[in-house]
Amino acid sequence: MTIDPADIAVEETASKGRYVYRDGAGNEAEMTYSRAGTGLIIIDHTGVPDAFRGQGVGLALVTRAVADARAAGRQILPLCPFARAQFKRRPEWGDVLHRLKEA
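Now for a look at the structure at hand. (Residues numbered from 1 in each chain as written. Predicted model: local features only at pLDDT ≥ 70, side-chain atom pairs only at ≥ 80, totals over all residues. Heavy atoms only, no water.)

### Overview of the packing of aromatic side chains
Thought 1: The tally for this structure, following the rule as stated, stands at 3 aromatic pairs.
Thought 2: For the ring pair Y19 and Y33, a centre distance of 5.7 Å and an interplane angle of 45° mean the geometry is tilted. A residue pair is termed long-range when its members are at least 10 positions apart, and Y19 in strand β2 (residues 16-22) and Y33 in strand β3 (residues 28-35) qualify at 14 residues.
Thought 3: With relative accessibility at 4%, the residue Y19 sits in the buried group.
Thought 4: Classification of Y33 by relative accessible area gives buried; the value is 2%.
Thought 5: Residues F87 and W93 carry aromatic rings whose centres are separated by 5.2 Å and whose planes lie at 70° to one another, so their mutual orientation is edge-to-face.
Thought 6: A relative accessible area of 6% means that W93 is categorised as buried.
Thought 7: Stacked on the ring of W93, the Lys or Arg R90 has its end atom at 5.4 Å from the ring centre. (Phe/Tyr/Trp six-rings, centres within 6.5 Å; stacked < 30°, edge-to-face > 60°. Helix = DSSP H or I, 4+ residues; strand = E, 2+ residues; numbered from the N terminus. Buried < 20%, exposed > 50% of the residue type's maximum accessible area, 1.4 Å probe, protein only. Lys NZ or Arg CZ within 6 Å of the ring centre and 35° of its normal.)

What follows is the structure in structure tokens.
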């Protein structure tokens, strides 16, 4: 199954947001984030129900966030273990990966 990025909704408040994919049967997958200023989002959770497991829905959510971050000139700090794993597998996303500065 290929998820069309246009089928992923973005819901935002002043400080938080989420990317959501819904099917016609009422299932919902989400990836939540917090905003840290205007140039950084912190991905803190990815939740994919069993109905979507193995279909690439979680990856589609992270991929959409990467595309949006590039378009907006933002960086992403992936604290969520799933999102962090996807960044490790895709060095081509390094341009939007926020790296913490070592002290």
